[in-house]
Amino acid sequence: MKYWLMKSEPNTFSIDDLETMKNQTEHWDGIRNYQARNYMRDDMRIGDKAFFYHSNCDVIGIVGIMEIVRESYPDFTAFDSMSNYFDPKSKIETPRWMMVDVKFVEKFKRTISLNELKEYPQLKDMLVIKRGQRLSIQPVQKNEWDFIIGLLKP
DNA sequence: GCCAACGTTGGC
DNA sequence: GCCAACGTTGGC
């Protein structure tokens, strides 16, 4: 099983939104970056776990956990000229962008902020704490995952 | 295939 | 709102 971190701006889609979706499940649409797409398409498998990360907001950081429940399939928002994510270069016959379905697992009692993540030497290699790192889907190492889960214990 | 211009991300 | 970092585009 692999571990991931997936960013979303809570103004657009927050962990609370995910929790209130039907079946607590939603497609993760709007990824328009090749490296992030490749991670979804090539490496994400059903049962993988992902941190839900809130970006561009008051309290930036990891807010909970979700699970991958459907492997990659074409991102239909790319075909919709009314969508913010419309991409005329992505055709139904040859879709350029993919998405996965994610299911809510838990919301943490507290946000593990970006500032806090930066404090721990154990996490110094995490992509998310590196300046200018904009990848919206990032792999997380098992030891990093376990360390972060450990922070939640009293 | 290079690279300048441009657009976007996302922390601050 | 600013702007550094980075990805993409398109002329050559």
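Bear in mind the structure is a predicted one, so any value in this text is a computation, not a measurement. (Residues numbered from 1 in each chain as written. Chains lettered and ligands numbered in written order. Predicted model: local features only at pLDDT ≥ 70, side-chain atom pairs only at ≥ 80, totals over all residues. Heavy atoms only, no water.)

J.: Just to check I follow, could you spell out the protein's contact with DNA strand B for this structure?
T.: Neighbouring residues of DNA strand B: Lys 7, Tyr 53, Ser 55, Asn 56, Ile 60, Leu 114, Lys 118 and Arg 134. Among all atoms of DNA strand B positioned within 4 Å of the protein, those belonging to sugar or phosphate total 64%. At 3.0 Å, a backbone N or O of Asn 56 approaches a phosphate oxygen of DNA strand B. One nitrogen or oxygen atom from the side chain of Lys 118 is found 2.8 Å from a phosphate oxygen belonging to DNA strand B. Within the surface near DNA strand B, the residues separate by chemical class into three nonpolar, two polar and three charged. (Near = heavy atom within 4 Å. Polar contact = N/O pair within 3.5 Å; in protein donor to acceptor, adjacent residues only side chain to side chain. Nonpolar A, V, L, I, M, F, W, Y, C, P; charged D, E, K, R; others polar.)

J.: Explanation requested: the protein's contact with DNA strand C in the structure shown.
T.: Neighbouring DNA strand C are Tyr 34, Lys 89, Arg 131, Gly 132 and Arg 134. The contact in question runs from a phosphate oxygen of DNA strand C to an N or O atom on the side chain of Arg 131, over 2.9 Å. Among the residues forming the surface near DNA strand C, the class breakdown is one nonpolar, one polar and three charged.

J.: How should the sheet that holds strand β2 (residues 25-27) be read in this particular structure?
T.: Across a sheet, paired strands are connected by hydrogen bonds in the backbone, their directions being either parallel or antiparallel. Here we have six strands laid out as an open sheet, ordered β2-β5-β4-β3-β1-β6, and mixed in their pairing. Of all strands in the sheet, those with a lone pairing partner are β2 and β6 (137-140), marking the two edges. When the angles between neighbouring strand axes are averaged without regard to direction, this sheet yields 35°. Summarising the sheet, β2 and strand β5 (residues 98-113) pair through three bridges and their orientation is antiparallel. Following the sheet pairing, Glu 26 is matched in β5 by Val 102. Its contacts with the sheet place helix α2 (residues 34-43) against β1 (3-8), β4 (61-74), β5 and β6, and it is angled at close to 110° to β5. Across the face of the sheet, helix α4 (residues 142-151) comes into contact with β1, β3 (49-54), β4, β5 and β6 while running at roughly 60° to β3. (Pairing = 2+ DSSP bridges. Helix = DSSP H or I, 4+ residues; strand = E, 2+ residues; numbered from the N terminus. Axes fitted to C-alpha atoms, helices over the stretch in contact; angles between N-to-C directions. Contact = heavy atoms within 4.5 Å.)

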